[in-house]
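Residue-level structure breakdown
Residue-level listing of the chains:
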Amino acid sequence: MPDVSVLTVGQAQRAVAPVLRGAGIDEPVLEARLLLGFVLGGGPERVLADRDEPLSADQARALADAVERRARRVPLSQIVGRREFWSLDFKVTADTLTPRADSETIVETALERAPGTPASVLDLGTGTGCLLLALLSEWKGASGVGVDASEDALAVARDNAAGLGLADRARFIRADWREPGWAARLGGPFDVVVSNPPYIPEADIAGLEPDVRDHEPRLALSGGADGLDAYRVLVRALAGLLRPGGLAVFEVGVAQADDVRALLTAAGMDGVQARADLGGVARAVSALAP
Ligand code: GLN
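Let me begin by describing the structure that accompanies this report. (Residues numbered from 1 in each chain as written. Predicted model: local features only at pLDDT ≥ 70, side-chain atom pairs only at ≥ 80, totals over all residues. Heavy atoms only, no water.)

Let us now look at the sheet that holds strand S8 (residues 270–276). Either a parallel or an antiparallel arrangement is found when strands of a sheet pair, and the pairing is made through backbone hydrogen bonds. Taken in spatial order, the 7 strands line up as S5-S4-S3-S6-S7-S9-S8 in an open sheet, and their pairing is mixed. Edge strands, defined here as strands with exactly one partner in the open sheet, are strand S5 (170–174) and S8. Going from strand to strand, the sheet's axes swing by 15° on average, the running direction of each strand aside. Bridge count for strand S3 (residues 120–124) against strand S6 (residues 190–195) is 4 bridges, and the pairing is parallel. Note that in S6 the partner of valine 121 across the bridge is valine 192. The sheet contacts of helix H11 (residues 257–266) involve strand S7 (242–251), S8 and strand S9 (282–288), and relative to S9 the element is tilted by about 10°. (Pairing = 2+ DSSP bridges. Helix = DSSP H or I, 4+ residues; strand = E, 2+ residues; numbered from the N terminus. Axes fitted to C-alpha atoms, helices over the stretch in contact; angles between N-to-C directions. Contact = heavy atoms within 4.5 Å.)

Between two aromatic rings, the relevant description is the distance of the centres plus the angle of the planes. Evaluation of the coordinates by the stated rule reveals 3 aromatic pairs. When the centroid spacing of 6.2 Å and the interplanar angle of 70° are considered together, the rings of phenylalanine 85 and phenylalanine 90 count as edge-to-face. Since its relative accessible area comes to 0%, phenylalanine 90 is described here as buried. On the numbers, 5.9 Å between centres and 85° between planes, the contact of tyrosine 231 with phenylalanine 250 is edge-to-face. Linking tyrosine 231 in helix H10 (residues 229–241) with phenylalanine 250 in strand S7, this pair joins segments that are 19 residues apart in sequence. Here tyrosine 231 falls in the buried class, since its relative accessible area comes to 0%. (Phe/Tyr/Trp six-rings, centres within 6.5 Å; stacked < 30°, edge-to-face > 60°. Buried < 20%, exposed > 50% of the residue type's maximum accessible area, 1.4 Å probe, protein only.)

On to the side chain of arginine 73. Its place among the elements puts arginine 73 in the loop between helix H4 (57–71) and helix H5 (76–80). For arginine 73, the side chain forms a polar contact with the main-chain oxygen of alanine 23, separated by 3.2 Å. (Polar contact = N/O pair within 3.5 Å; in protein donor to acceptor, adjacent residues only side chain to side chain.)

Within the secondary structure, serine 103 sits in the loop between strand S2 (88–91) and helix H6 (104–113). On the basis of relative accessibility, which here comes to 2%, the residue serine 103 falls in the buried class. Aside from chain neighbours lying at most four places away, what touches serine 103 is Phe85, Leu131, Asn196 and Glu251.

The values are spatial; any link to function lies outside them.
Here you go:
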């Protein structure tokens, strides 16, 4: 990392980009601008506006630190501590999976298929709370429960609910579906159940991008030997969690839609469907309770 303490904002951006490129970052110029915008405090627009201003000593230190972390493939979202999802601003930490654009397909599917205007939503494996809170932002009269096995993730989700003005309609409960009796304390039945469970087959974890593999919570990624462990448990629990006619929507990984559809059909669910994300991957599998 070159000494950025004697540089202008524009020069710093040009100095940082090659460091990021050397670390294997796909879009080094864009990320250099985002990291500088974070350090300057005004976002990427500020980088352009201030390009001829010198960096202060504090800004130079903060930039060097941010670039060093990014070069170690700490996700950008964890460095800046935020990520946008469904046009809402979410806090992100190392204890939560970073919300991904693909997961907006789950929100779209829920909005489209939910019966009437739902009054209650359950999000299993809520992480940042992004699925639950996006839905509550759309269904103004609804309330919901977010469940996670990680207390640290639940603390982030609660912060996000408060930050988005949704705390009065969102409750967060610790439960671990790998333990017997996990579903009993959640209340319900619910009108809608959504989940982005861990679904990466254990053997594929080693081949993930280092940003994901080394820095995102393993608990949110690993779906067991074939990636489907969580679905087997969750699909079985739907009968007790959904009211008749209620909607379930699951995010699935690449090439998992048929398997998850089959699990839902075998569990007696109706109207089993898959919906593609913007990349053309069948991403949201949904079904209605009989
Ligand atoms: N979409 C994430 C990834 O592929 C995985 C999330 C999950 O297992 N639910 O990086």
